[in-house]
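Take a look at the letters that make up each chain.
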Amino acid sequence: SGVMETSNNQSVVGVQNYLEKAAQKLKPVVPIKFHISSRTDAGVHALCNAAHLDIQRAPGKPAFNEKQLIYSLNYHLKPEPIRILNAYRVSDSFHARFSALSRTYIYRLLVGCKHYSEVPVFERDLCWAPTGSHLNVPAMRDAAQFLLGTHDFSTFRSHNSETPFQSPVRTILQADISPSSGVLAHHYEPRGLQFWELTFRSRSFLYRQVRRMVGTLVAVGQGKLTPHHIKELLEMKDARALPPNGMAPPSGLFLKSVEY
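Residues numbered from 1 in each chain as written. Predicted model: local features only at pLDDT ≥ 70, side-chain atom pairs only at ≥ 80, totals over all residues. Heavy atoms only, no water.

1. So, the packing of helix H4 (residues 209-221) against helix H5 (residues 227-236)
Step number 1: For the pair H4 and H5, the least separation of the axes is 9 Å and the interaxial angle reads 145°. The handedness of the crossing between H4 and H5 comes out as right-handed. Together, Thr216, Leu217 and Val220 of H4 and Pro227, Ile230 and Leu233 of H5 make up the contact between the two elements.
Step number 2: By residue class, the composition of the contact of H4 with H5 is five nonpolar, one polar and no charged. (Axes fitted to C-alpha atoms, helices over the stretch in contact; angles between N-to-C directions. Helix = DSSP H or I, 4+ residues; strand = E, 2+ residues; numbered from the N terminus. Left-handed = near helix turned anticlockwise from the far one by under 90°. Contact = heavy atoms within 4.5 Å. Nonpolar A, V, L, I, M, F, W, Y, C, P; charged D, E, K, R; others polar.)

In structure tokens:
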């Protein structure tokens, strides 16, 4: 249900709630708060997100070392599809969100399905299979070049509570499209299914920016737009200029890494 904490009266629960519940089992003196680097939406996955936290133990108790912290938190997270991969001691000035140098997202596309029922069951909710059995990848690569560099990305952001206070200017450091593989893909090769990964790297992204960029690039691949349309959409600086259904679904999006 997204990474951010949800309140008690909501039926959905965020990843942060589970992390903080697990951390409370470590018996800290002060309740532990996780400050998360990247605020992924409901339905979006993270191969590796980052967060920082402060732990104050009872007087006389030694500080946790990194290994203890990983094992203890994972023990209390056991029933959930959430794992602590690494822990590092950092300075008081470090902030998981604001100290990040860049974030890398990948978006997984599945090409070759004429109907959603043809998506392999092992790939359900882990990719997007746009309608039609073909994408013009060279045209999509040409279009992606217009997204590189520093631009006003107003057209490519959705509105949320932070939108009016946030600068729409972002710098895209990487926008690549490359062939990929699926889970157990070699077992269903005869079905003619093909996976592609779209990789985007920037210091930070606007709300739903990656999903809107992917949706527009897919429209180019389907021949609904030309590569040059991407440049025109950037110049419009208007979120309403995006074609209808121009946002890719959350299921294909993965936060790959956060670099410090």
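Having seen the structure, we can now continue with the description.
2. Observations regarding the packing of aromatic side chains
Step number 1: Following the criterion strictly, the structure yields four aromatic pairs and no others.
Step number 2: Here the aromatic rings of Tyr105 and Phe205 are separated by 5.4 Å at their centres, their planes lie at 85°, and the arrangement is edge-to-face. Of the two residues, Tyr105 is situated in strand E4 (residues 102-111) and Phe205 in the loop between strand E7 (194-202) and H4; the sequence distance between them amounts to 100 residues.
Step number 3: Judged by relative accessible area, Tyr105 falls into the buried class, the value being 10%.
Step number 4: Phe205 gets classed as buried once you look at its relative accessible area, which sits at 14%.
Step number 5: For the ring pair Phe153 and Phe156, a centre distance of 6.3 Å and an interplane angle of 70° mean the geometry is edge-to-face.
Step number 6: Classification of Phe156 by relative accessible area gives buried; the value is 0%.
Step number 7: Residue placement shows Arg57 over the ring face of Phe64; its charged tip is 3.9 Å from the ring centre. (Phe/Tyr/Trp six-rings, centres within 6.5 Å; stacked < 30°, edge-to-face > 60°. Buried < 20%, exposed > 50% of the residue type's maximum accessible area, 1.4 Å probe, protein only. Lys NZ or Arg CZ within 6 Å of the ring centre and 35° of its normal.)

3. What to know about the nonpolar core
Step number 1: Leu109, Leu147, Leu198, Phe200, Met213, Val214 and Leu217 are the most contacted members of the largest nonpolar core, which has 41 residues in total.
Step number 2: Breaking this core down by element, the ones donating at least two residues are E4, helix H3 (137-145), strand E6 (169-180), E7, H4, H5 and strand E8 (253-259).
Step number 3: Tallying contributions element by element places H4 first for this core, with seven residues.
Step number 4: If near-sequence neighbours (up to four positions away) are discounted, Leu109 is found in contact with Trp128, Pro130, Leu135, Met140, Gln194, Phe195, Trp196, Leu198 and Val218.
Step number 5: With 16 residues, the next largest nonpolar core counts Leu26, Leu77, Ile82 and Ile84 among its residues. (Core = buried A, V, L, I, M, F, W, Y, C linked by side-chain atoms within 4.5 Å.)

4. Some words on the UniProt feature "binding site: substrate" (unreviewed entry) in the chain
Step number 1: Feature annotation in UniProt assigns "binding site: substrate" (unreviewed entry) to the following positions: Tyr105.
Step number 2: Beyond its immediate stretch of four places on either side in the chain, Tyr105 contacts Ser38, Thr40, Leu198, Thr199, Phe200, Phe205, Val210, Leu253, Phe254, Leu255 and Lys256. (UniProt positions renumbered as here; feature names shortened; annotations may be inferred.)

5. A closer look at the environment of Ala22
Step number 1: Along the chain, Ala22 falls in helix H1 (residues 15-24).
Step number 2: Sequence separation of Ala22 and Asn74 is 52 residues, and the distance between their C-alpha atoms is 8.1 Å.
Step number 3: Those residues in contact with Ala22 that lie beyond four places of it in its chain are Leu73, His76 and Leu77.

6. Description of the packing of H3 against H4
Step number 1: Close contact between H3 and H4 brings their axes to 8 Å; oriented N to C, the two are set at 140°. Of the possible angle classes, the one that applies to H3 and H4 is oblique. Here H3 and H4 pass one another in a crossing that is right-handed. Of the residues in H4, those touching H3 at Ala139, Met140, Ala143 and Ala144 are Leu217, Val218, Val220 and Gly221. (Parallel < 35°, antiparallel > 145°, perpendicular 65-115°, else oblique.)

7. Things to note about unusual backbone geometry
Step number 1: Positive phi is not limited to glycine here, since Leu184 has a value of about 60°.
Step number 2: A relative accessible area of 39% means that Leu184 is categorised as partly exposed.
Step number 3: A positive phi angle, close to 50°, is found at Lys237, a residue other than glycine.
Step number 4: On the secondary structure map, Lys237 appears in the loop between H5 and E8.
Step number 5: On the basis of relative accessibility, which here comes to 49%, the residue Lys237 falls in the partly exposed class.

8. Re the side chain of Arg108
Step number 1: If you trace the backbone, Arg108 turns up in strand E4.
Step number 2: At a separation of 2.8 Å, a polar atom in the side chain of Arg108 contacts the main-chain carbonyl oxygen of Leu126.
Step number 3: Once residues within four sequence positions are removed from consideration, Arg108 is found in contact with Glu123, Leu126, Cys127, Trp128, Ser181, Gly182, Val183, Phe195, Trp196, Glu197, Gly252 and Phe254. (Polar contact = N/O pair within 3.5 Å; in protein donor to acceptor, adjacent residues only side chain to side chain.)

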